[in-house]
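One-letter residues, chain by chain:
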2 protein chains.
Amino acid sequence: MRIPNHIGLIPDGNRRWAVSKGYSKEKGYQYGLMPGLIMFKLCEKEGVKELTYYGFTTDNTKRPAFQRKSFTEACVKAVEMLSKENASLLVVGNTKSPMFPKSLLPYTKTRTDFGKGGIKVNFLVNYGWEWDLGNLSENSSTNRKTITSFLKSSDISRVDLIIRWGGRRRLSGFLPVQSIYSDFYVIDRYWPDFKPEDFYNALQWYDTQDITLGG
Amino acid sequence: MRIPNHIGLIPDGNRRWAVSKGYSKEKGYQYGLMPGLIMFKLCEKEGVKELTYYGFTTDNTKRPAFQRKSFTEACVKAVEMLSKENASLLVVGNTKSPMFPKSLLPYTKTRTDFGKGGIKVNFLVNYGWEWDLGNLSENSSTNRKTITSFLKSSDISRVDLIIRWGGRRRLSGFLPVQSIYSDFYVIDRYWPDFKPEDFYNALQWYDTQDITLGG
């Protein structure tokens, strides 16, 4: 099977999952932690080279404060959890805003190897597409490699496969430049209900896609 | 029914359709002309305000010359056909390259009303995402309205619904910034086999989507 080098994860549906269980919306996020760890281990097992988690966005921070607190805490815990694995970890997002959790600042400077190193793991925290594109002012080229190098997310490579849980068929601001040629697989299940078969179904589907990069 | 203001069309599968009929690949494009016109009329009827056709890209021009000739001719004919409708027409793409068909230059300067005017119709011709982002060098803001205004495609508004024929679930470079929040509907049928039900199925699906713009 042809394994994608780089998988992007959009772990959506935490709030809808919580409501479906009779919990209040903000309770959903903590149930997304274990799926995130299982996904990491599955990617490790199958030889994926790079994995990007869509943590939270600058758009998301406009939600009610108790929801914001809850998804921020879940992201902090997720990054701490991943730092106990064999991973080369980088947190990417707007650190200059008060919405950025200070405890994650040490992960933003440079990619850090934990354990034996291993898969590149990018975790988007307080990420915004307009923030990401904001540095292009210093670029004066239409060469794609040069453009890419001026992204604030320039340490994140082109995404081969995006998997989104929760049924919505949209990118919602996820890495617009790295996603230009990505194959996009949507799973109706909410993220906290993640099953390993979601990952394997996505891989099997990806294996049947031709890769043309727009050509 | 909630009708999207702006629909983006990715009319893919012309070559695969031709091969499936026993024709050579480049014969497929001409069979995409009539579907394009029918789509225009359906959008007009249902009150869509803006429609963007993905004509051809700078990536596509790397294909064999006889294919390039064929899809370029089809795009020229499509624009001429649309100029006989009530449409406010704009062709968007890199006009400075020899790949841009000279006969379409008059449509690129400013949006031109044909007939009684009407739906805004954008036709992407020799479009490249890196070309589109290339002007961001003159922008020094992370404000999304300002960023958008510096796109080369700044006359094209945010896309609400993208419909892609030919089964592939990817954007292939289609307006990366305007597509950030777009709902994405994929139809397995090849574009020359377009049926009006494709459009109505997409509209019905779109009607069930919540619009959050990332919030």
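Provided above is the structure to which this section pertains.
Predicted model, so just to flag it, every value in this text is computed and none were measured.

K.L.:
Provide a residue-level description of the interface of chain A and chain B, including the pertinent values.
P.N.:
Listed by partner, the interface residues are 42 residues for chain A and 42 residues for chain B. Roughly 3,500 Å² of surface becomes buried between chain A and chain B when both sides are summed, with 51% attributable to carbon and sulfur atoms. Counting across the interface, chain A meets chain B through 10 salt bridges. When the shortest N-O distance is used, the salt bridge between Asp59 of chain B and Arg144 of chain A registers 2.9 Å.

K.L.:
Please provide a residue-by-residue account of helix H3 (residues 65-82) of chain B, values included.
P.N.:
Residue and element names in this part refer to chain B. Taking 1.5 Å per residue, 18 residues should reach 26 Å; H3 reaches 26 Å between its end C-alpha atoms and fits that length. Within H3 the residues assigned to the buried category are Gln67, Ser70, Phe71, Thr72, Ala74, Cys75, Val76, Ala78, Val79 and Leu82. Against helix H1 (14-20), helix H2 (33-46), strand S2 (50-57), strand S3 (87-92) and strand S5 (119-127) lie the buried residues of H3.

K.L.:
Requested: an account of helix H6 (residues 196-207) of chain A, with residues and values cited.
P.N.:
Residue and element names in this part refer to chain A. Taking 1.5 Å as the rise per residue, H6 with 12 residues should run 16 Å; its terminal C-alpha atoms sit 17 Å apart, in good agreement. The set of residues buried in H6 consists of Asp198, Phe199, Ala202, Leu203, Trp205 and Tyr206. Projected down its long axis, H6 shows its buried positions confined to an angular sector of 165°, all on one face. Among the structural elements, strand S1 (6-11), helix H2 (33-46), strand S6 (161-165) and strand S7 (183-187) are those in contact with the buried residues of H6.

Reading the values: the criteria
Residues numbered from 1 in each chain as written. Chains lettered and ligands numbered in written order. Predicted model: local features only at pLDDT ≥ 70, side-chain atom pairs only at ≥ 80, totals over all residues. Heavy atoms only, no water. Contact = heavy atoms within 4.5 Å. Buried area = accessible area lost by both parts, 1.4 Å probe. Salt bridge = Lys/Arg side-chain N within 4 Å of Asp/Glu carboxyl O. Helix = DSSP H or I, 4+ residues; strand = E, 2+ residues; numbered from the N terminus. Expected span 1.5 Å × (residues − 1). Buried < 20%, exposed > 50% of the residue type's maximum accessible area, 1.4 Å probe, protein only. Arc of directions from axis to C-beta.

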